[in-house]
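Close look at the chain arrangement
Spelled out, the chains give:
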Amino acid sequence: MRSGSGVSWVVAVLALSWSAVALAEEGSEAGKERAAEVYSTFCASCHGRYGRGDGPLAPSLTARPPDFTDSAWLAGRSGDQIAMALAGASHGPMAVATVLEQDVLRDAIAYIVTLSVPGKHVSLLAGRDIYAALCWVCHGERGDGKGPAAKNLTGAPPRDFTSAEFVIDGREEQIADTISHGAAASFHGSPLMLPWGSHLSPQQIRDVVEYLRTLKTR
Ligand code: HEC
Ligand code: HEC
């Protein structure tokens, strides 16, 4: 009797510490990397690189994959609730959910729920990639306005996105206008801040503006 309850106590402690390890790993860099890898291996072909439902296979599907970057899709659901919904998908495109190991599916879903910003319809990952491709050479990797090209520019220096003077809240439209039409057309600013509207869609401009917010907090 005594040893029996001793054993179950040990089992309970082991189970607890195991789930503590699993939880600790979930938020870790290694856990996040693994989740991103699972997503790109098993899900991105249909759901798209950023989760917009526009993967290379999407046009050949009869149902359209949802847009995970629209916070309205997530609608406050947890990863577990989404996993439950998928568990019943034994036919159709999401049959993939029933053949994956449970923890692999959990990783992929944990990743999906990070693809939207609460209350918005933007992709931070897309914004980050746009910034890394087009903007950092002047504005700097960390947004401090000290990119490698900055010292060769005449006139106004590239805006320092980390400074308190650079305000985004309430100026989203104005900032999007500058990115789309260039600083010269937008506020008689420097012609070296080019118009990007022919390279970037309005959605991509909203994505990069959202990314600029993250530079402020660094
Ligand atoms: C073969 C294409 C394809 C693959 C691969 C795929 N999906 Fe899907 N997925 C879809 C389609 C299409 C829908 C929309 C289904 C519908 O509306 O009936 C969908 C819907 C979903 C949903 C929405 C369920 C809900 O309740 O809103 C989630 C979550 C999801 N997929 C996750 C994943 C994950 C995670 C992976 C990778 C492990 C994955 N999908 C792989 C095509 C795919
Ligand atoms: C060739 C250098 C260069 C590149 C590349 C560049 N910018 Fe700029 N940017 C500038 C300069 C210079 C200014 C300052 C303009 C002024 O004050 O007259 C500026 C200003 C801005 C502003 C300030 C607008 C405001 O209202 O305060 C934003 C936002 C901005 N850039 C975003 C971007 C984004 C997003 C990209 C990439 C798509 C980008 N820039 C690429 C040089 C650059």
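Scroll up to find the structure.
Residue indices begin from 1 for each chain and proceed along its sequence in written order. Here chains are named by letter from A upward and ligands by number from 1 upward, in the order in which they appear as written. Thresholds applied to this predicted model are a pLDDT of at least 70 for local features of residues and 80 or more for the giving and counting of side-chain atom pairs; totals over whole chains, interfaces and linings are not thresholded and use all residues.

Comments concerning the site of ligand 2
The cut-off we apply is this: Each residue gets a C-beta atom placed from its backbone. If that atom is within 6 Å of a molecule or strand, the residue is near it. In DSSP terms, a helix is any run of H or I states spanning at least four residues, a strand is any run of E spanning at least two, and both are numbered starting from the N terminus. Under the convention adopted here, Pro, Cys and the residues Ala, Val, Leu, Ile, Met, Phe, Trp and Tyr are nonpolar, Asp, Glu, Lys and Arg are charged, and Gly plus all remaining residues are polar.
Around ligand 2, the surrounding shell holds 21 residues, and the nearest of these are Cys135, Cys138, Gly189, Ser190 and Met193. Among the elements of the structure, helix H8 (124-139) and helix H9 (172-181) are those that each provide at least two residues to the shell around ligand 2. The element best represented in the shell around ligand 2 is H8, accounting for 5 residues. Here the shell around ligand 2 is built from residues that sort into 15 nonpolar, 5 polar and 1 charged.

Considerations on the nonpolar core
Our working rule: What makes a nonpolar core is a set of buried Ala, Val, Leu, Ile, Met, Phe, Trp, Tyr and Cys residues, with links drawn between C-beta atoms within 7 Å. Residue burial is a threshold on neighbouring C-beta atoms within 10 Å of the residue's own C-beta, all placed from the backbone, with 20 or more meaning buried, 12 or fewer meaning exposed, and counts in between meaning partly exposed. Bear in mind that the domain bounds are from an automatic or database domain assignment. Placing a C-beta atom from the backbone of each residue, one calls two residues in contact when those atoms lie within 7 Å.
Counting residues in hydrophobic clusters, the biggest one holds 28 residues, and the most contacted among them are Ala35, Tyr39, Ala108, Tyr111, Ile112 and Val208. When contributions to this core are tallied by element, the ones reaching two or more residues are helix H2 (29-42), helix H7 (102-112), H8 and helix H11 (202-216). When residues of this core are assigned to domains, at least three map to each of domain 1 (2-112) and domain 2 (124-216). Ignoring anything within four residues of it in the chain, the contact list for alanine 35 reads Asp107, Ala108, Ala110 and Tyr111.

Concerning the environment of proline 158
Relative to the helices and strands, proline 158 resides in the loop between H8 and H9. On the basis of neighbour count, proline 158 is assigned to the buried category, with 23 C-beta atoms found within 10 Å. In the structure, proline 158 is positioned 21 residues away from valine 137 in sequence and 9.8 Å away in space, judged by C-alpha atoms. Those residues within four positions of proline 158 in sequence are excluded, and the remaining contacts are Cys138, His139, Gly145, Gly147 and Ala150.

Observations regarding the environment of valine 117
Tracing the backbone through its elements, the reader meets valine 117 in the loop between H7 and H8. Valine 117 gets classed as partly exposed once you count the C-beta atoms within 10 Å, which come to 17. Along the chain, valine 117 and glutamate 210 lie 93 residues apart, while their C-alpha atoms are 9.1 Å from each other.

A word on the packing of H9 against H11
Note the following rule: All axes are obtained by fitting lines to C-alpha atoms, using only the stretch in contact for helices, and the reported angles, taken between N-to-C directions, cover 0 to 180 degrees. Helix crossings are classified by the rotation of the near helix relative to the far one: an anticlockwise turn of less than a right angle makes the crossing left-handed, while a clockwise turn makes it right-handed.
At their nearest, the axes of H9 and H11 sit 10 Å apart, and the two run at 115° to each other. H9 and H11 meet at a crossing whose hand is right-handed. Where H9 abuts H11, its residues Glu172, Ile175, Ala176, Ile179 and Ser180 lie against Ile205, Arg206, Val208 and Val209. Broken down by class, the residue content of the contact of H9 with H11 amounts to 6 nonpolar, 1 polar and 2 charged.

Some details on H2
Residues three or four positions apart in an α-helix share a direction because the helix packs 3.6 residues into each turn. Selection rule: The span one expects for a helix is its residue count, reduced by one, times 1.5 Å. Regarding the arc, it is the one traced by the directions from the helix axis to the C-beta atoms.
With 14 residues, H2 extends 20 Å between its outermost C-alpha atoms, agreeing within 8% with the 20 Å of an ideal straight helix rising 1.5 Å per residue. All of the buried residues in H2 are Ala35, Val38 and Tyr39. End-on view of H2: buried residues confined to an arc of 100°, all on one side of the axis. Seen from the open side of H2, the exposed residues pointing more than 90 degrees away from its buried face are Glu29, Ala30, Glu33 and Thr41. Structurally, H2 contributes buried residues whose contacts are with helix H3 (44-47) and H7.

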